[in-house]
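# Summary of the model geometry
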Amino acid sequence: MHELSLMEELLRIAEAEALARGGRVETVVLEVGLLAGVEVEALRFAFEALKAGTAAEAAALEIEEPEGRGWCEACARIQPLEARFDPCPDCGAAPLAVVGGRELRLKALDLVS
């Protein structure tokens with residue numbers, strides 16, 4: 001379960017920022033795309049399990065989940081994409097070039113004194 005190690009690193013970053021500014025973490029905002037290969041519920045579980053005793057102990061976790069998008073060469077346009085190797089929903093062409101939904105980033109960290 002790599003979500004646990006992802007969240008450990010995220011909390012390490014959040015705690016370092018909070019300590020550097022003499023405060024605590026109030027909110028952590030992540031962006032986790034549909035095609036990022038990460039289980040959002042496992043991230044939520046890991047956050048709750050790991051935040052105790054850190055500067056993020058009372059923090060809330062917000063996760064934005066951008067949809068998958070792929071470029072269809074045959075249609076010459078971007079199409080919605082539910083899984084990496086799905087065909088184009090309009091013409092059936094495959095594979096689509098993934099152009100969105102792979103995001104996995106710390107989007108915002110709200111700190112309070």
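As the structure is a computational prediction, the values presented were derived from the model and not from experiment. (Residues numbered from 1 in each chain as written. Predicted model: local features only at pLDDT ≥ 70, side-chain atom pairs only at ≥ 80, totals over all residues. Heavy atoms only, no water.)

Turning next to the overall build of the protein. Secondary structure summary: the protein contains two helices and six strands in total. For the protein, the sequential pattern of α-helices and β-strands runs α-β-α-β-β-β-β-β. For the protein, whose C-alpha radius of gyration is 18 Å, the value lies well above the compact-globule estimate of 13 Å for 113 residues. For the C-alpha atoms alone, the extent of the protein along its principal axes is close to 55 × 25 × 15 Å. Across the 113 residues that make up the protein, the buried fraction comes to 36%. For the protein, contacts bridging at least 24 residues in sequence account for 69% of all contacts bridging at least 6. For the protein, the computed accessible surface area is about 6600 Å², with 51% contributed by carbon and sulfur atoms. If the 11 positive side-chain charges of the protein are averaged to one point and the 21 negative ones to another, these points end up 5 Å apart. (Helix = DSSP H or I, 4+ residues; strand = E, 2+ residues; numbered from the N terminus. Rg over C-alpha atoms; globule rule 2.2 N^0.38 Å. Buried < 20%, exposed > 50% of the residue type's maximum accessible area, 1.4 Å probe, protein only. Contact = heavy atoms within 4.5 Å. Areas by Shrake-Rupley, 256 points an atom, 1.4 Å probe, with all protein chains shown as cover. Lys, Arg positive; Asp, Glu negative; His and termini not counted. Charge placed at Lys NZ, Arg CZ, Asp CG, Glu CD.)

A word on the sheet that holds strand β2 (residues 60-64). With mixed pairing, three strands are arranged side by side in an open sheet as β2-β1-β6. Whereas interior strands pair on both sides, the edge strands pair on one side only; in this sheet they are β2 and β6 (104-112). Direction aside, neighbouring strands of the sheet carry axes that sit 20° apart on average. Sheet analysis places strand β1 (residues 24-32) next to β6, joined by eight bridges and oriented antiparallel. Following the sheet pairing, valine 28 is matched in β6 by leucine 109. Against the sheet, helix α1 (residues 2-20) makes contact with β1, β2 and β6, and its axis sits at roughly 35° relative to β6, the strand it touches most. Here helix α2 (residues 40-50) sits on the sheet and contacts β1 and β2; the angle it forms with β2, its principal contact strand, is near 165°. (Pairing = 2+ DSSP bridges. Axes fitted to C-alpha atoms, helices over the stretch in contact; angles between N-to-C directions.)

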